[in-house]
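Read off the chains here:
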Amino acid sequence: MSSAPLSAPPCPPLASSPAQHWGGRLAGCLWWGLILLACALNAQRTLAGGNPWGTGDWLINYQGGLVRRGVPGDLLWHLTSSATGLLWSVWALQTALLVGLGARIWQLRHRLASSQSANWMLLLSPAFLAGFTAMDLSGGFRKELLGFAAYLVLDHALSTARLHRAMAMLALAAYAIAALAHEVNALCLVFFLHPIWLAARQRPDERQTLKMLGAGFTLIAVAGLLLSILKPGSATTVSLICQSLQQHGLNEAMCSGAVKWLQFDVVYGLRQVRRILLFSVLGYPWLIVLGLLPVFLYQGWAQRRTLLGLGALSLLPLFIVATDWGRWVHVLVAYMTLSLLSVARTVPLRARPVPLVLALVFILAWRLPHYNAEDIYAGVLWQGVQSLVSGAPAHP
């Protein structure tokens, strides 16, 4: 049985020019520059003691009993016994995920046969991986990275002429960790079922195997959601987790963010969302449109409307009970972008031409804040100016 890569029919090559050559290099510099900037700023933050949200989210563990979001933190808690070890283990894991995702996505860009400007907008969007994380460390270095990694492993498993079963099992394992690490990954099940469904349509001889694979992802997602519902956490849980972190030498302040949030119920979450609802409703809807704009540029958009609708509906509970609306927008945009790259494996996709100047304005002039919809104009250019003037990152 063949395991050769399954790729799209070849598209007519685009005309090459010195401008396109250097433009591609500039895009690569921006892509890796943003990723390395995010990792460096995160290292600076780690050196200063970490962040209760961006770091603390990864330190939630099972030392207070079974609780949602505890898998990565419990593994790290058992692997190291010092505050320095914990903090830098979190940084190393976050960095490995971001750099690994960046390398794989940059490799997959070759699947897109379209104008460079459209591809730049897709990959360098402030709502996608590199731009979002570099501009908002507390929103970008979160457990959604585990879900994105699982998706790319699944895409690799489906990229051969026949299902790569070992990679499919690895994708299931990665998704299990992601779904137990944060319920947002479990809610994104539809994005994982989509490429499996497409593959089942194209490979009737493997349909039964692919159905079983889809059932596996579904069972994992259900288990992750049930854990988040049945074991949400309490004040006692938070206290015991905090004690376990202090035993390793961490300051109590590390418990004031993501760890502390475990004790709050849905009613509390609803009240917090209601407090910012008017401002968020005025700010985030058009940011959703802006974030999805690059995806709209590509052929076959009508075929992806159902996926977008189902994905948005799946994430709707988070918009109702949690205030990080920018994070949920980022997750939606990221999965729609990854889905586009996955579809481009078998279907040639071209995009509408975009003037280079407009593409650069889109990439550099705005940002997607994970919480406060007011601060949207501090894009890469403005933040760079602020950093040069003040000598410190504009949004640590």
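A brief look at the structure comes next. (Residues numbered from 1 in each chain as written. Predicted model: local features only at pLDDT ≥ 70, side-chain atom pairs only at ≥ 80, totals over all residues. Heavy atoms only, no water.)

## Details of the overall build of the protein
Our working definition: Each helix is a run of H or I in the DSSP string that is no shorter than four residues. Each strand is a run of E no shorter than two, and both are numbered from the N terminus. Buried residues are those whose accessible area, probed at 1.4 Å on protein chains only, stays under 20% of the maximum for their type, while exposed residues exceed 50% and partly exposed ones sit between those limits. What makes two residues a contact is simply this: any of their non-hydrogen atoms within 4.5 Å. Every accessible area reported is derived by Shrake-Rupley at a probe size of 1.4 Å, with residue values counting cover from the shown protein chains alone.
When helices and strands are tallied, the protein shows 18 helices and zero strands. A buried classification covers 53% of the 396 residues belonging to the protein. Here the contacts in the protein between residues at least 6 apart in sequence split such that 80% fall between residues at least 24 apart. Accessible surface, the protein: about 17,200 Å² in total, of which carbon and sulfur atoms supply 68%.

## Concerning a nonpolar patch on the surface
Note the cut-off: The patches reported here contain residues having more than 30% relative accessible area and no salt bridge. Joining distances are 9 Å for like charges and 5 Å for nonpolar side chains (Val, Leu, Ile, Met, Phe, Trp, Tyr). Criterion for a salt bridge: a side-chain nitrogen of Lys or Arg within 4 Å of a carboxyl oxygen of Asp or Glu.
Together, V266, L270, L313, L316 and I320 make up an exposed nonpolar region whose accessible area comes to about 440 Å². Looking at the nonpolar patch, the elements with two or more residues in it are α14 (266-296) and α15 (301-321). Residue contributions to the nonpolar patch peak at three residues, all from α15. On the secondary structure map, L270 appears in helix α14.

## What to know about the pattern of salt bridges
Evaluated as defined, the whole model comprises 12 salt bridges. One salt bridge connects D155 with R111, and the closest N-O pair in it is separated by 3.2 Å. Here D155 is found in helix α7 (residues 144-157), whereas its partner R111 is found in the loop between α3 (83-108) and α4 (116-123), with 44 residues between them in sequence.

## Some points on the packing of helix α10 (residues 189-202) against α15
Angle between the axes and distance between the axes are the two parameters that describe a pair of packed helices. Where we set the bar: Under this scheme, a helix contributes an axis fitted over its contacting stretch, all axes are lines through C-alpha atoms, and angles between N-to-C directions fall in the 0 to 180 degree range. For classification purposes, angles smaller than 35 degrees are called roughly parallel, those larger than 145 roughly antiparallel, those between 65 and 115 roughly perpendicular, and all remaining angles oblique.
Axis separation between α10 and α15 bottoms out at 9 Å; the angle between their running directions is 155°. Taken as axis vectors, α10 and α15 run roughly antiparallel relative to one another. Residue-level contacts link V190, F191 and H194 of α10 to L307, L310, G311 and S314 of α15.

## What about the side chain of T237?
Operational definition: Nitrogen and oxygen atoms within 3.5 Å of one another constitute a polar contact, given that in protein one can donate a hydrogen and the other can accept it, and given that sequence-neighbouring residues count only through two side-chain atoms.
Mapped onto the elements, T237 comes out in helix α12 (residues 235-247). You can call T237 buried: its relative accessible area is 9%. There is a polar contact of 3.1 Å between the side chain of T237 and the side chain of S234. Sequence-distant contacts of T237, defined by excluding residues within four places in its chain, comprise G64 and V67.

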